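# Geometric and topological summary
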Protein chains: 2
Amino acid sequence: MRKDLTISIDAMGGDNAPEIVIKGVEYYLKHEGKNRDVRFLLHGNKGVLSPLLKKALLTKNCSDIIHTEKLIEMDAKPSQALRRGKNSSMWNSIASVKDGVACVAVSAGNTGALMAMSKLQLRMKVGVTRPAIVATWPQKNNWCVVLDVGANIECDALQLTEFAILGEAFYRALHKKNKPSVGLLNVGTEELKGNAVIKAAHERLSNGHLNLNYKGYVEGTDISNGNIDVVVTDGFTGNIALKTAEGTAKLIGYFFNQALFGNLWSKITTFANSYSLLRLKRQIDPRRANGGVFLGLNGIIIKSHGGTDHIGFANAVGVALDLAESSFMSEIDISLNMLHENGVEGSNK
Amino acid sequence: MRKDLTISIDAMGGDNAPEIVIKGVEYYLKHEGKNRDVRFLLHGNKGVLSPLLKKALLTKNCSDIIHTEKLIEMDAKPSQALRRGKNSSMWNSIASVKDGVACVAVSAGNTGALMAMSKLQLRMKVGVTRPAIVATWPQKNNWCVVLDVGANIECDALQLTEFAILGEAFYRALHKKNKPSVGLLNVGTEELKGNAVIKAAHERLSNGHLNLNYKGYVEGTDISNGNIDVVVTDGFTGNIALKTAEGTAKLIGYFFNQALFGNLWSKITTFANSYSLLRLKRQIDPRRANGGVFLGLNGIIIKSHGGTDHIGFANAVGVALDLAESSFMSEIDISLNMLHENGVEGSNK
């Protein structure tokens, strides 16, 4: 078993687990992962998982079930999960990363519990104050990454600076771009905009020693328009921006379906143009962006949407493999060293 | 001249003023305002505006030009604009409302300057701490209003409560719904989510004496999904959510055009289904939502996007007329009285 291609899966986490988890891994292996030499550790109840694997032969052939009967409920509080969750499927999936048996873990379970358990088991990287969740968004011809999208409700300037470092290393490793551009999310691009924390973060990020391709303030529209690669914000704003964009995409998808399938004539013309329209449907499919990554820990943890289906889960598995094969963790270490050689003397606000 | 149907227009405000302003009023009169007995006061340079009116006869027939040579630059700081902007087209358009000559003013000019001048001339309503900008968003079969979307970067719990009152009265008057639902924007709907200000606002809003149909916390997705009518948030979060949604809509519009017109075959099938697709195009047209309204002042001021075209400006004029004909200002007074009879004794955070 090659350590660098073993993925640990919390098979019992998510609204529709374990069914969509197993179907998701199978979908991944069938469509994307054909040529990848990968093994999965499926953490969960053997009695439930074994029958599912009979219908998922690609998965069965490259998986081991690590049995546990315990699981974390989707509505458990993080503190409860920490107290009672040891040896649950979620806990064990993280432990595989900690023990070096797997190089990345994927869970569609409770976000707060996953974050708390990840922090406890893997610990923060030296020099990182708090972990962040990074999300990937589509642009015209590219991708944008946004962080934090929910781990930290309130952030100070040092944290925002750390997010910039983490996000930039993430983008560099995953999207193979040498000098990705970094922007700080604000309500305008003029110097005088924003609150005190944002202005202080802007000052820190403008410090050339960080070796960032920092572009200054960006606005909400910039997340989609292709002007910027890495967008830095606090977890409150990022979470609301992400969910607002999701809601907008869903609403437009609804109008779109009405226009394409609302009556017999539109169905016929839609069928006639089905190639282009199927491509469009894929382009605006929010499942393509599933798979938030926890950054700042000594190990890689991927959080899938709790309510996703098997195609969304397959996407999260793809992100896990891409990260596992990338130089992400070492890139982050280099960048963090640079931050703390040059930035620690600054104020914390 | 009937006072209640006179609209004051800052004809020189906006990236493409005064051309799009005059074209916008003309477009409104031609398409939406046929049966409305309305007059316009066009504030701006007579030498520039008169030739434009020769090509806009509907507008010419129901307008008076109020001449001034002064205008506010789009990049002026609010403090500069206040010092030097007296008798500018923007200043005068607000003064018409203050003097009771017009019942509402519309400007596509500099937002900060417009807000500062409006506050100075019209003053806040008794019991309102700070004004808010409210924006209207499409939903499946309805509209949602969101406030604040940019006037207040940081808000306390009392302000958020006032925004709820203002937004609810606005929705009631403009969308003719007796008990619109009100939600507080947060990163989750559970009681334990959010920061201290949001929790304190939640507590205030849950107070039944305010006579609100308050539904508790809502998330970014709820803005579009039709579950809520009025979404309350601070100006930082609201501005970023609004712009992120705009960016998402534009990106999807781009993918959409590619699918519909990318090659000859798709053009033909698109033509064949043009009725449904034109309807869709209209549904997702961001110009339909143009026209942010300043709430909390002794007078109605509408802010159009600075970069909008004539169709967007026409939409802002439509919003102005709908508000002028509504019971909006008196509804707000009734609701504010209720807030301050029941809420003033609470803490300010």
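Residues numbered from 1 in each chain as written. Chains lettered and ligands numbered in written order. Predicted model: local features only at pLDDT ≥ 70, side-chain atom pairs only at ≥ 80, totals over all residues.

### Here's the deal with the packing of helix α1 (residues 19–31) of chain A against helix α13 (residues 310–324) of chain A
Two quantities define a packed helix pair, namely the angle between the axes and the distance from one axis to the other. Residue and element names in this part refer to chain A. Where α1 meets α13, the axes come as close as 7 Å, and the angle between the chain directions of the two elements is 60°. One element, α1, and the other, α13, form an angle in the oblique class. Our pair here, α1 against α13, has a crossing hand that is right-handed. The residues of α13 that touch α1, namely those facing Ile-20, Val-21, Lys-23, Gly-24, Val-25, Tyr-27 and Tyr-28, are His-310, Ile-311, Phe-313, Ala-314, Val-317 and Gly-318. Its residues assigned to classes, the contact of α1 with α13 comprises nine nonpolar, three polar and one charged. (Axes fitted to C-alpha atoms, helices over the stretch in contact; angles between N-to-C directions. Helix = DSSP H or I, 4+ residues; strand = E, 2+ residues; numbered from the N terminus. Parallel < 35°, antiparallel > 145°, perpendicular 65-115°, else oblique. Left-handed = near helix turned anticlockwise from the far one by under 90°. Contact = placed C-beta atoms within 7 Å. Nonpolar A, V, L, I, M, F, W, Y, C, P; charged D, E, K, R; others polar.)

### So, the packing of helix α7 (residues 157–175) of chain A against helix α8 (residues 196–205) of chain A
All names here are of chain A. Axis separation between α7 and α8 bottoms out at 8 Å; the angle between their running directions is 50°. For the element pair α7 / α8, the angle class is oblique. The handedness of the crossing between α7 and α8 comes out as right-handed. Residue-level inspection shows Ala-157, Leu-160, Thr-161 and Ala-164 of α7 in contact with α8, the latter providing Val-197, Ala-200, Ala-201, Arg-204 and Leu-205. Considering only residue class, the contact of α7 with α8 consists of seven nonpolar, one polar and one charged.

### Quick notes on helix α10 (residues 235–261) of chain A
Every α-helix winds through 3.6 residues per turn, so residues three or four apart in the chain are directed the same way. Counted at 1.5 Å a residue, the expected span for α10 of chain A with its 27 residues is 39 Å, and the 38 Å between its end C-alpha atoms agrees. With respect to burial, α10 of chain A is a largely interior element, 20 of its 27 residues being buried. (Expected span 1.5 Å × (residues − 1). Buried ≥ 20, exposed ≤ 12 C-beta atoms within 10 Å, placed from the backbone.)

### So, the domain arrangement of chain A
All names here are of chain A. As far as domains go, chain A holds domain 1 (1–124 + 297–336) and domain 2 (129–295). Taken over C-alpha atoms, the centre of domain 1 sits 24 Å from the centre of domain 2. Listed per partner, the contact involves 27 residues of domain 1 and 19 residues of domain 2. Looking at the side of domain 1 that touches domain 2, the elements with two or more residues in it are α6 (111–122), β11 (300–303), α13 and α14 (328–342). Per-class residue counts for the side of domain 1 that touches domain 2 are 13 nonpolar, ten polar and four charged. (Domains from an automatic or database assignment.)

### Some words on the environment of Gly-235 of chain B
All names here are of chain B. Residue placement: Gly-235 occurs in helix α10 (residues 235–261). For Gly-235, a count of 22 C-beta atoms within 10 Å translates into the label buried. Residues Gly-235 and Val-134, 101 residues apart in the sequence, show an inter-C-alpha distance of 9.7 Å. The contact partners of Gly-235, leaving out residues within four places of it in the chain, are Asp-148, Val-149, Gly-150, Ala-151, Asn-152, Ile-153 and Cys-155.

### Overview of unusual backbone geometry
Cis geometry marks the peptide bond from Leu-147 of chain A to Asp-148 of chain A; its omega dihedral reads 0°. When you line up the elements, Asp-148 of chain A lands in the loop between β6 (143–147) and α7. Looking along the chain, the bond that leaves Ala-17 of chain B and enters Pro-18 of chain B is cis, with omega of 0°. Inspection of the secondary structure assignment puts Pro-18 of chain B in the loop between β1 (6–10) and α1 (19–31).

### Details of the sheet that holds strand β10 (residues 292–295) of chain B
All names here are of chain B. Ordered by their spatial adjacency, eleven strands build an open sheet running β3-β2-β1-β4-β11-β10-β5-β6-β9-β7-β8, and the pairing between neighbours is mixed. Each edge of the open sheet carries a strand with a single partner, namely β3 (63–67) and β8 (213–218). Neighbour-to-neighbour, the strand axes of the sheet open up by a mean angle of 25°, direction not taken into account. In the packing of helix α7 (residues 157–175) onto the sheet, contacts are made with β5 (132–138), β6 (143–147), β7 (181–185), β9 (230–232) and β10, and the angle to β9 comes to roughly 160°. (Pairing = 2+ DSSP bridges.)

### Digging into the relation of the copies chain B and chain A
Once chain B is rotated about the relating axis by 180° and shifted along it by 0.0 Å, it coincides with chain A to within an RMSD of 0.1 Å. The superposition operator between the copies reduces to a two-fold rotation axis. Of all interface residues in chain B, 100% are interface residues in chain A too; the two copies therefore contact each other through one and the same surface. (Least-squares fit on C-alpha atoms with pLDDT ≥ 70 in both.)

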